[in-house]
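Analysis of the macromolecular model
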Amino acid sequence: MKRILTVQDISCFGKCSLTVALPVISAMGVETVILPTAVLSTHTMFQGFTVKDLSDQIGPVTEHWKKEGFTFDAIYTGYLGTEEQIGQMEQLFDDFRTENTLIFVDPVMADNGKLYPAFDMNYARKNAELCGRADIIVPNITEAAFMTGMEYRTKYDESYIKEMLDRLADLGTKTVVLTGVSLSEGKTGVMGLNTQTGEHFLYQNDKVDASYHGTGDIFSSVCIGALMNDLSLPEAMKLAADYTAHTIRVTLENPEKPWYGVDFEATVPELVRTLEEAKKR
């Protein structure tokens with residue numbers, strides 16, 4: 001059984017970050033080790049949430065792991081609350097990366113043309129440095145714009161996306177994937193670039209007219225879980241995009257209308273079935 005280390009916060013209520021990554025990746029048959037960066041009472045879309053920063057625990061935890069000789073097939077980072085934590089991830093990569101360890105970075109920091117309130121351009125530049133040390137990065141278009149210095153656009157064509165991919169590749173990462181890419185009316189998905197081969201790949205599915213907190217975490221978690229099940233990156237991206245969209249649709253049908261997150265618990269069995277079918281192809 002392969003083993004993933006995922007590093008991000010725990011929002012105790014709200015279906016995001018580690019409370020998504022742990023159950024989803026585990027359900028896909030991959031051992032999931034967690035390293036919490038902070039504990040929040042809820043995710044940040046709630047008012048008055050509490051937060052406990054755990055930066056001071058990252059060093060002692062990883063030192064213990066080194067003494068135990070633990071190894072990981074993949075390291076997957078999500079939301080990192082401070083520049084200090086980004087620096088700690090750089091050290092973690094140095095400590096645990098082997099020639100067989102996949103480094104997967106989701107540089108969670110912005111959306112809809114704006115950085116999240118806690119972050120500034122220094123943070124964005126530091127996140128860009130971390131992305132440069134990854135094998136695969138999965139920023140959205142807003143995050144990519146901040147890391148590359150390109151203008152953020154809501155209307156664009158394929159040449160804009162390809163230029164953005166090229167500039168992200170210049171950071172040093174091996175494979176770049178942009179999420180939330182819409183190249184035709186009513187469609188959305190991902191576009192990627194393998195910097196070693198120069199090959200682009202594109203996947204679009206039907207756009208669901210709804211927005212929920214935590215769907216990016218679901219996408220990234222399914223993607224890294226699929227890669228650990230030996231799917232190719234385009235296959236993993238398709239599985240992740242389709243599963244995320246399907247889960248949003250299922251949530252929209254919920255009469256209780258949970259605004260704070262999606263009902264991934266209801267769709268995980270279908271994810272597992274779809275994964276098994278993909279592995280047989």
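Notes on the structure in this doc start here. A quick note: this is a predicted structure, and the numbers were derived from the prediction, not measured.

**Focus: the environment of F201**
Following the sequence through the fold, F201 ends up in strand 11 (residues 199-206). As a C-alpha pair, F201 and M191 span 10 residues in sequence and 5.7 Å in three-dimensional space. Ignoring anything within four residues of it in the chain, the contact list for F201 reads T175, V177, V190, M191, G192, L193, L233, P234 and M237.

**Here we look at the layout of surface pockets**
Estimates place the volume of the second largest pocket at around 240 Å³. As for the second largest pocket, its lining consists of L231, E235, K238, L239, D242, Y243, H246, E270, L271, T274, A278 and R281. The set of elements that each furnish at least two residues to the lining of the second largest pocket consists of helix 8 (233-252) and helix 9 (264-280). It is helix 8 that contributes the most residues to the lining of the second largest pocket, 6 residues altogether. Its residues assigned to classes, the lining of the second largest pocket shows 5 nonpolar, 2 polar and 5 charged.

**Some words on the nonpolar core**
Judged by nonpolar contacts, the single largest core of 44 residues is most densely connected at L5, I161, M164 and L178. The dominant element in this core, judged by the number of residues it contributes, is helix 6 (residues 158-169), at 6 residues. Setting aside residues up to four positions removed in sequence, I161 forms contacts with I141, Y156, L178, V181, L183 and M191. If you look at the next biggest cluster of nonpolar residues, it comprises 42 residues, including I136, V222, L239 and I248.

**Here we look at the sheet that holds strand 5 (residues 102-105)**
Ordered by their spatial adjacency, 9 strands build an open sheet running 3-2-1-4-5-8-9-10-11, and the pairing between neighbours is mixed. Looking at the sheet topology across the chains shown, the edges are occupied by strand 3 (51-53) and strand 11. As paired elements, strand 10 (residues 187-194) and strand 11 share 8 bridges and run antiparallel to each other. Within the sheet, the bridge partner assigned to T188 lies in strand 11 and is N205.

**With respect to the packing of aromatic side chains**
Tallied over the full model, the rule gives 12 aromatic pairs. Each ring, one from Y76 and one from F104, has its centre 5.6 Å from the other, and the planes form 90°; the classification is edge-to-face. Separated by 28 residues along the polypeptide, Y76 in strand 4 (residues 74-77) and F104 in strand 5 bring together distant segments of the chain. Assessed through its relative accessible area of 0%, Y76 is described here as buried. Take F104: its relative accessible area is 0%, and that puts it in the buried class. Taking 5.7 Å as the distance between ring centres and 40° as the angle between the ring planes, the aromatic pair formed by Y79 and F119 counts as tilted. On the criterion of sequence distance, the pair formed by Y79 in the loop between strand 4 and helix 3 (83-96) and F119 in the loop between strand 7 (114-115) and helix 4 (121-131) is long-range, its members being 40 residues apart. A relative accessible area of 24% places Y79 in the partly exposed class. The class for F119 is buried, based on a relative accessible area of 8%.

Criteria and thresholds
- Residues numbered from 1 in each chain as written.
- Predicted model: local features only at pLDDT ≥ 70, side-chain atom pairs only at ≥ 80, totals over all residues.
- Heavy atoms only, no water.
- Helix = DSSP H or I, 4+ residues; strand = E, 2+ residues; numbered from the N terminus.
- Contact = heavy atoms within 4.5 Å.
- 1 Å grid on protein atoms, 1.4 Å probe; cavity = no way out; pocket = protein on both sides within 12 Å on 5 of 7 lines; lining within 4 Å.
- Points joined across faces, edges and corners; volume = space filled by probe spheres on them.
- Nonpolar A, V, L, I, M, F, W, Y, C, P; charged D, E, K, R; others polar.
- Core = buried A, V, L, I, M, F, W, Y, C linked by side-chain atoms within 4.5 Å.
- Buried < 20%, exposed > 50% of the residue type's maximum accessible area, 1.4 Å probe, protein only.
- Pairing = 2+ DSSP bridges.
- Phe/Tyr/Trp six-rings, centres within 6.5 Å; stacked < 30°, edge-to-face > 60°.

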